[in-house]
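Chains, contacts and geometry: an overview
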Amino acid sequence: MKTIRARAFVLACVLLIFSFPAFGWGETGHKITAYIAWQRMTPQTRERVFKTLLAAPEDSQIATFYLSYGSRSQEARKREFFMLMATWSDIVRDRNFENRYKKYHQSNWHYTDTFWSMTNGKAVLVDGPEPNGQAMNKIAEFSALIRGSAPDSEKAVAIAWLEHLIGDIHQPLHGSGRITDETPKGDLGGNLFLLTPKGTARDKQRNLHSYWDGIIGENVPNARDECDAVYIDPIAQEIMRLYPADKFQGRLKMDAMDQWQKESVEIAMNEVYRDVKWYETPSEAYRKKAFRIAQERLALAGYRMGELFEQVYGPTPSAK
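Per chain, the residues get numbers from 1 upward, laid out in the order the sequence is written. Only residues with pLDDT of at least 70 are given local features in this predicted model, and only at 80 or more are side-chain atom pairs given and counted; all residues enter the totals for whole chains, interfaces and linings. Hydrogens and waters are ignored; side-chain quantities use all the structure's heavy atoms.

Here we come to the overall build of the protein chain. Helix and strand counts for the protein chain come out as 13 helices and 3 strands. Within the span of the protein chain, comprising 320 residues, buried residues form 52% of the whole. Residue contacts are counted whenever heavy atoms from the two residues lie within 4.5 Å of one another. The contacts in the protein chain between residues at least 6 apart in sequence include a share of 74% that link residues at least 24 apart. With residues, only the protein chains shown are counted as cover, and all accessible areas are computed by Shrake-Rupley using a 1.4 Å probe. Split by element, the accessible area of the protein chain, about 15,400 Å² in all, is 50% carbon and sulfur. Strands are runs of DSSP state E lasting at least 2 residues, helices are runs of H or I lasting at least 4, and numbering of each runs from the N terminus. Accessibility here uses a 1.4 Å probe with only protein chains present; expressed as a share of the type maximum, an area under 20% marks a residue as buried, one over 50% as exposed, and anything in between as partly exposed.

Below, the structure is given as structure tokens:
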């Protein structure tokens, strides 16, 4: 038994080492949304979601990431497993695990672009290229799937995707495609908006999208390389203190999920591109603004995620 556990532990460590490209809110942001969702879920809901995740297909390797032993409490291990699953759809981007990559990686599921441009100094929606990105379609599809009669193996994958996509769509640049003369087909959610000087080597370039993805670490860096419980949990707790759940009950919009993406578009149009320039590092004031917006969006994403799973797996009446 010890040998089996040791092998499982080694495999899990190998997977963790080689499987963490940073996309969406980055690993930290996605885990924050999941932490907040976990706090909003009843023990019954947590257990049902946890057991469903463990029923995932073997080739997804989802269950592999749960370490059922160790000095931490079982509740802590389950919470951290749930938090890690918010990054699973980024983990499967790793081409070193070819079969998993081919079956589960879906690059255009992480965003839903709405196109807009500046006209006479005002941000306005415009007809752009063909609609791009499936995030909102997949949120609707997976939300329906976990409510239905699909086997738990399918629901497990849907839960992992929902954990990630709900976080993604609250990142303003995962819903936005800005059209300019330089980017007539859209700026790929700010990926084409460079913040490093002209001529910067490609591997050292930074763009507006990656800036927002990493805004939590930009403001609260993990300088000591601390574990999640020491680094991420306090950040999430502070966000919940600043933006308590009871202040968001009227904003959950569980019966109008399309509004979640529209909120992100409005923030992109009115805040993200304001007071920031091509080829220049954002100012201190901009950094603080982005951090404040991100904190609120992460809180709202977490509360909505927790409410969704509570509706499906728990006894709590639905919130609007």
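A positive phi angle is found at Q61, which is not glycine, with a value near 65 degrees. With respect to the helices and strands, Q61 occurs in the loop between α3 (43–54) and α4 (74–85). On the basis of relative accessible area, Q61 is assigned to the buried category, the value being 18%. Positive phi, normally seen in glycine, also occurs at Y279, with a value near 65 degrees. Within the secondary structure, Y279 sits in the loop between α12 (258–272) and α13 (284–313). Classification of Y279 as partly exposed rests on a relative accessible area of 31%.

This next bit is on the side chain of R287. One can find R287 in helix α13. Judged by relative accessible area, which is 16%, R287 ranks as buried.

Turning to the confidence of the model for the protein chain, a few remarks are in order. As a general rule, the predicted coordinates of low-pLDDT regions are not to be interpreted in detail. Looking at any residue, its pLDDT shows the predictor's confidence there, from 0 to 100. Considering every residue of the protein chain, the mean pLDDT works out to 91; 91% of them sit at 70 or more. Contacts from residues 1–22, a stretch scored under 50 in pLDDT, to residues over four places away or in other chains number 26 contacts.

This part is about the environment of A156. Position of A156 relative to the elements: it lies in helix α8 (residues 152–169). Residues A156 and K51, spaced 105 residues apart in sequence, show a C-alpha to C-alpha distance of 8.7 Å. Once residues lying within four places of it in the same chain are set aside, the contact partners of A156 are T52, L53, A55, A56 and I62.

Moving on: the environment of T119. Along the chain, T119 falls in strand β1 (residues 114–119). Distance in space between the C-alpha atoms of T119 and R224 is 46 Å, their sequence separation being 105 residues.

The next point concerns α13. Here a helix's expected span is defined as the number of its residues, less one, multiplied by 1.5 Å. Helix length check: α13 (30 residues) gives 43 Å between terminal C-alpha atoms against 44 Å at 1.5 Å per residue, within 8%. Taking burial as the measure, the 30 residues of α13 include 25 buried ones, the bulk of the element.

A few words now on the sheet that holds strand β3 (residues 176–178). Pairing between the strands of a sheet is mediated by backbone hydrogen bonds and can be parallel or antiparallel. Being paired, for any two strands, means DSSP has found at least two bridges between them. Within the open sheet, the 3 strands sit side by side as β2-β1-β3. Their pairing is mixed. Each edge of the sheet is formed by a strand with only one pairing partner; in this case those strands are β2 (122–125) and β3. Taking each pair of neighbouring strands and ignoring which way they run, the sheet shows an average axis angle of 35 degrees. Bridge count between β1 and β2: 4 bridges; the pairing is antiparallel. When the bridges of β2 are listed, M118 appears paired with A123. Where helices are involved, their axes are fitted lines through C-alpha atoms of the stretch in contact, as for all axes, and angles between N-to-C directions lie from 0 to 180°.

Of the strand pairs in this sheet, β1 and β3 are connected by 3 bridges, and their pairing is parallel. Note on β3: the bridge partner recorded for W116 is R178. Hairpin connection from β1 to β2: 2 residues lie between these consecutive antiparallel strands, with N120 at a positive phi of about 55 degrees.

Two numbers describe how α3 lies on α4: the axes approach to 11 Å, and their chain directions differ by 60 degrees. In terms of axis orientation, α3 runs oblique to α4. Handedness of the crossing formed by α3 with α4: left-handed. Note on element contacts: α4 touches α3 through E75, K78, F81, F82 and M85, opposite R46, E47, V49, F50, L53 and L54. Among the residues making up the contact of α3 with α4, the classes are represented as 7 nonpolar, no polar and 4 charged. Small angles under 35 degrees read as roughly parallel and large ones over 145 as roughly antiparallel, with 65 to 115 read as roughly perpendicular and the rest as oblique. Take the far helix as your reference; a near helix turned counterclockwise from it by less than a right angle gives a left-handed crossing, and one turned clockwise gives a right-handed crossing. Gly falls in the polar group here, along with every residue not listed as nonpolar (Ala, Val, Leu, Ile, Met, Phe, Trp, Tyr, Cys, Pro) or charged (Asp, Glu, Lys, Arg).

Looking now at the pattern of salt bridges. Between Lys or Arg on one side and Asp or Glu on the other, a salt bridge is scored when a side-chain nitrogen of the former is within 4 Å of a carboxyl oxygen of the latter. Here the structure, examined in full by the defined rule, presents 20 salt bridges. D228 is the salt-bridge partner of K31, the closest N and O atoms lying 2.7 Å from each other. Of the two residues, K31 is situated in helix α2 (residues 26–40) and D228 in helix α11 (residues 228–242); the sequence distance between them amounts to 197 residues. Assessed through its relative accessible area of 4%, K31 is described here as buried. Here R46 ties to E75 by a salt bridge, and the two come within 2.8 Å at their closest N and O atoms. Linking R46 in helix α3 with E75 in helix α4, this pair joins segments that are 29 residues apart in sequence. With a relative accessible area of 16%, R46 lands in the buried category. When salt bridges that share partners are traced, they join K253, E263, R297 and R304 into one network.

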